[in-house]
Amino acid sequence: MQSNRYTIAFAFTVCVILSVLLSATYMSLKDRQELNRKLDRQKNILIAAGFSPENADDVGKLFLTRVKPMVLSLGGNVVLGKLPEQIISEESQNLFPLFRISKADNEEETESFVYPIEGKGLWSTMYGYLAVDPNGKIVKGITFYKQGETPGLGGEIEKEWFRKNFIGKKLYDGDKLVGINVAKGKARDQAAYKTKSQHMVDGISGATLTCNGITKMLKINPKKYGLFFRQLRRIEL
Amino acid sequence: MSTIKRIFKNTMWISNPIAYQVLGVCSALAVTVQLENGLVMGAALTIVVAFSNLLISLMRNFIPHRIRIIIELVIISALVIIVDQFLQAYLFDVSRRLSVFVGLIITNCIVMGRAEAFAMANGPWLSFWDGIGNGLGYAVVLVLVGGIREIFGSGSLLGIQIVPEFLYSAGYVNNGLMVLPPFAFILLGLIVWIAKTLGGAHGEES
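Residues numbered from 1 in each chain as written. Chains lettered and ligands numbered in written order. Predicted model: local features only at pLDDT ≥ 70, side-chain atom pairs only at ≥ 80, totals over all residues.

**Considering the confidence of the model for chain B**
Averaged over all residues, the pLDDT of chain B is 86; the fraction at 70 or higher stands at 97%. Interface confidence in the predicted complex, given as ipTM, is 0.78; pTM for the same model is 0.79. (pLDDT = per-residue confidence, 0-100.)

Written as structure tokens, this is what we have:
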């Protein structure tokens, strides 16, 4: 049996060596991982907007030609000269990134807007993107690019079968933001379905808390962009 | 060389970690919806077992007996994190799909089991090969299960469509049950059964 001093010294040495090794690995791979994550976010913006990019080159090209990143202030105005990736965390309360997707034939015309959404699920904060029509009222697509929900249950939110249910659903009832309700079970089995079918999608059985999180997320996040879209609609009138 | 050969025969066939030792079944069921996931998971685990065996075997005479399990776990965790970091850097999509299961290699019983049962008692060279052998034994089963599930569940292999289109128009449908974890369980059972009948996994011949 070794002495206590030896045991502690041994444990300490092992920990130091391994932490140096881990930091070295992390530091040397950090740039590449960051690049991957950025590409993944861009890919998800494109997927939310209805594109299906095949590879990294596709993502880069589409993003450059069709997507116009911008930043909105709390009052719903465009902040000139600022890009979404330049927002530092202290500012994130008051500044909101927004991506304008232009039409294929005319760069001036808007096909849709995409903005980031985030909210708490059961285990994790879920991050994604929501694409809406130029009025900001109808969902054109949704993606989730980062979440730590139960694989096979809540994790299904990333899958196409779940995401495509949102397409065409309405965030607004007239001028009132109602969000989209992810039902417990099938949407058409709900009592409210008759009157609210436009604001409801099927839930995932076994993942009620994740779904509740998404319901909440789709009420809170669009609110931040409400002023911007209201101004936009007023200009068009 | 013959010892290494024997190790391989043992781990791949006679004492296969999944088929005979019934270790690492959890991840084998969860990640084998597609062949690619099975391949990457198998490779990741092989690397982790091989190097954890090597390191622990090198240190086996110095590790204080009272904290040996903790030391083993620390080494295994560090290796798993390194593998995970590499996956995030070079195979981002696969690492997203494997999600928590790469991290869960830490608790994969094969790694811990080989460290305790083999690396603590044998030299580094043999331990390393024992790790490779056990990792590959695990990978072989994952690839089998993943391949079968992808062919019948999604009609493709490594993402490439292999069930021809005319079969679909003739009314063929992918088997949805294949994609769900329960079928991996059934498939695993069948594989163990077949292996035992053929004399592997401590079946009739051994």
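Now, onward.
**Considerations on the sheet that holds strand β3 (residues 110–120) of chain A**
Residue and element names in this part refer to chain A. Judged by pairing direction, the sheet is antiparallel, and its 5 strands sit side by side in the order β1-β2-β3-β4-β5 without closing on themselves. Each edge of the sheet is formed by a strand with only one pairing partner; in this case those strands are β1 (67–72) and β5 (139–146). Adjacent strand axes in the sheet meet at a mean angle of 25°, parallel and antiparallel pairs treated alike. Bridge count for β3 against strand β4 (residues 125–132) is 8 bridges, and the pairing is antiparallel. Bridge assignment links Tyr115 to a residue of β4, and that residue is Leu130. Running over the sheet, helix α5 (residues 208–224) touches β2 (96–102), β3 and β4 and is turned about 125° from β3. (Pairing = 2+ DSSP bridges. Helix = DSSP H or I, 4+ residues; strand = E, 2+ residues; numbered from the N terminus. Axes fitted to C-alpha atoms, helices over the stretch in contact; angles between N-to-C directions. Contact = placed C-beta atoms within 7 Å.)

**What to know about helix α1 (residues 2–14) of chain B**
Within α1 of chain B the residues assigned to the buried category are Ile7, Thr11, Met12 and Trp13 of chain B. Buried-residue contacts for α1 of chain B involve α8 (124–154) of chain B. (Buried ≥ 20, exposed ≤ 12 C-beta atoms within 10 Å, placed from the backbone.)

**A word on the interface of chain B and chain A**
Each partner contributes residues to the interface: chain B has 19 residues there, and chain A has 20 residues. When residues of the side of chain B that touches chain A are assigned to their parent elements, the largest contribution, 9 residues, is made by helix α4 (residues 68–90) of chain B. Among the residues forming the side of chain B that touches chain A, the class breakdown is 14 nonpolar, 4 polar and 1 charged. (Nonpolar A, V, L, I, M, F, W, Y, C, P; charged D, E, K, R; others polar.)

**A closer look at the nonpolar core**
General note: in soluble globular proteins, nonpolar side chains tend to be found buried as a group. If you look at the biggest cluster of nonpolar residues, it comprises 54 residues, and the most contacted ones within it are Ala44, Leu45, Val48, Leu79, Val83 and Val141 of chain B. Among the secondary structure elements, those contributing two or more residues to this core are α1, α3 (35–59), α4, α7 (109–119), α8 and α11 (181–197) of chain B. Those residues in contact with Val48 of chain B that lie beyond four places of it in its chain are Ile76, Leu79, Val80, Val83, Ile105 and Val111 of chain B. Counting 45 residues, the second largest nonpolar core, distinct from the first, contains Phe96, Ile214, Met217 and Tyr225 of chain A. (Core = buried A, V, L, I, M, F, W, Y, C linked by C-beta atoms within 7 Å.)

**A word on the packing of α3 of chain B against α7 of chain B**
All names here are of chain B. At a minimum axis separation of 9 Å, α3 and α7 run at an interaxial angle of 30°. Here α3 lies roughly parallel to α7, going by the angle between them. Relative to α7, α3 is oriented so that their crossing is right-handed. Taking contact as the criterion, the partners of Leu45, Val48, Val49, Ser52, Asn53, Ile56 and Ser57 in α3 are, on α7, Ile110, Val111, Arg114, Ala115, Phe118 and Ala119. Residue composition of the contact of α3 with α7, by class: 9 nonpolar, 3 polar and 1 charged. (Parallel < 35°, antiparallel > 145°, perpendicular 65-115°, else oblique. Left-handed = near helix turned anticlockwise from the far one by under 90°.)

**Some remarks on the confidence of the model for chain A**
Confidence in the prediction for chain A averages 88 pLDDT; 99% of positions are at 70 or higher. By mean pLDDT, helix α4 (residues 193–196) of chain A is the weakest element of chain A at 81, and β4 of chain A is the strongest at 94.

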